[in-house]
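Chains, contacts and geometry: an overview
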Amino acid sequence: MIENENEVYSLGSGAMQREFLRVVVVFEDLSFTEISEGIAAPWMEKAQALDVPHKSEADALAMLDDAKAEQARKHAQRQAESEAEAERVSAWRDTIRDKIPANAKAVIVAQLMQDQSDSMTDYFASRPTKAIILAFSTHTRDLFPEMRKAAKNHTSTAHLADAPASAENRQKYSMGGGYFLKEGGRHSTGWKISKQVFYANDLNNDRANLVPYGEWSVPAEAASNARTYTKTEAVPEAVALDVDAPEGFTVTSHTHTKKGFQMFIVEQAERVGRETFMRQLEQAKSLRGWYSRKWGSTPAGFAFKDQAAVVKFLEAVA
């Protein structure tokens, strides 16, 4: 039991009552929670009535330690899985970046929706479990003929090319689902095709970051005009550096191979923890920088377009 540092009250059938203690409850699966003494009281009374064996204080504390260790283990596992997934998605986006047509203003995506509704509680929702990149569009208009044509690019969605008119959902209103091609209700389980527009984002307007992670099913000819530099286009030469990097950091000058602009990469000699990295990323973004993954001869690190931003970044994080 833990004493409440502040005044805490609970409101129940017996009116408002002050709670002086919090009770830590550890379950057999090593999950644990904290509840007020008012909630715990009937539990303890029932345990006494059923003659549940008491644990010694030492055994109870040992069980709580085991529960906290198990919670820490699960948290570390979830964090590792999350970081692995983020790296997997980032690597996938690196493979599609050059495939996005230069004139594309939107991507047409198919999502396999799973119904999660519960009519007994008046809850209606669904979530995507799989995505397929079907096509790109040179405009932002929602046109069902375009969606039907894109549906033919994958066997899982080909049936929507000839779906009845009722599959054309027009829900561009408050709390609506937008324009999408789907048989059945909005939240029913099944394939849904919709257009997602490339709006400017805070990741250097990189359209690859706006494409949902999924299976690539865009015909090869559709990406033939992807943005690349030809042999006749001039690529700017690297600019000389005028930055004194502190110990543990290296600053190098590079030319963006796809867009042709000059940038400066700040590398770190040692890998840092996730919390430190996120703080550094926020600092870089505040200076109009971003994190660039290793690409060819260009190293991974925090990227900036001007040296003044590099200096301010190093002063903040070094």
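Overview of the structure. (Residues numbered from 1 in each chain as written. Predicted model: local features only at pLDDT ≥ 70, side-chain atom pairs only at ≥ 80, totals over all residues. Heavy atoms only, no water.)

Once that is clear, we can look at unusual backbone geometry. Positioned with a positive phi, Leu30 is a non-glycine residue whose angle comes to about 70 degrees. Mapped onto the secondary structure, Leu30 falls in the loop between strand E2 (15-26) and strand E3 (32-36). A residue is classified by how much of its surface remains accessible, and Leu30, at 27% relative accessible area, is partly exposed. Despite not being glycine, Arg288 shows a phi value in the positive range, around 65 degrees. You can call Arg288 exposed: its relative accessible area is 74%. (Helix = DSSP H or I, 4+ residues; strand = E, 2+ residues; numbered from the N terminus. Buried < 20%, exposed > 50% of the residue type's maximum accessible area, 1.4 Å probe, protein only.)

Contact geometry for helix H4 (residues 274-286) and helix H5 (residues 307-317): axes closest at 10 Å, N-to-C directions at 150 degrees. As far as their axial angle goes, H5 and H4 are roughly antiparallel. Here H4 and H5 pass one another in a crossing that is right-handed. Counted together, Gln280, Gln283 and Ala284 of H4 and Phe313, Ala316 and Val317 of H5 form the full contact between these two elements. (Axes fitted to C-alpha atoms, helices over the stretch in contact; angles between N-to-C directions. Parallel < 35°, antiparallel > 145°, perpendicular 65-115°, else oblique. Left-handed = near helix turned anticlockwise from the far one by under 90°. Contact = heavy atoms within 4.5 Å.)

What follows deals with the pairing of strand E13 (residues 301-304). Bridge count between strand E11 (residues 262-268) and E13: three bridges; the pairing is antiparallel. Pairing of Phe264 across the sheet is with Phe304, part of E13. (Pairing = 2+ DSSP bridges.)

As a further point, take the nonpolar core. Membership of the largest hydrophobic core comes to 16 residues, with the highest contact counts inside it found for Ala110, Leu134, Leu160, Leu181 and Ile193. Counting only elements with at least two residues in this core, the list comes to strand E4 (106-115), strand E5 (126-137), helix H3 (144-151) and strand E8 (190-197). With four residues, H3 is the largest single contributor of residues to this core. Filtering out sequence-adjacent residues up to four positions away, Leu134 remains in contact with Ile108, Ala110, Ala150, Ala151, Asn153, His154, Thr157, Ile193, Ser217, Val218 and Pro219. (Core = buried A, V, L, I, M, F, W, Y, C linked by side-chain atoms within 4.5 Å.)

All right, on to the sheet that holds E11 then. On the basis of which strands lie adjacent, the open sheet formed by four strands has the order E10-E11-E13-E12 and antiparallel pairing. Edge positions in the open sheet fall to strand E10 (249-255) and strand E12 (290-292), since each of these has one partner strand only. Across this sheet, the average inter-strand angle for adjacent strands is 35 degrees, counted without regard to direction. Contacts from H4 reach E11, E12 and E13 within the one sheet, and its direction differs from that of E13 by about 5 degrees.

Remember that the coordinates give geometry; whether it matters functionally is a separate question.
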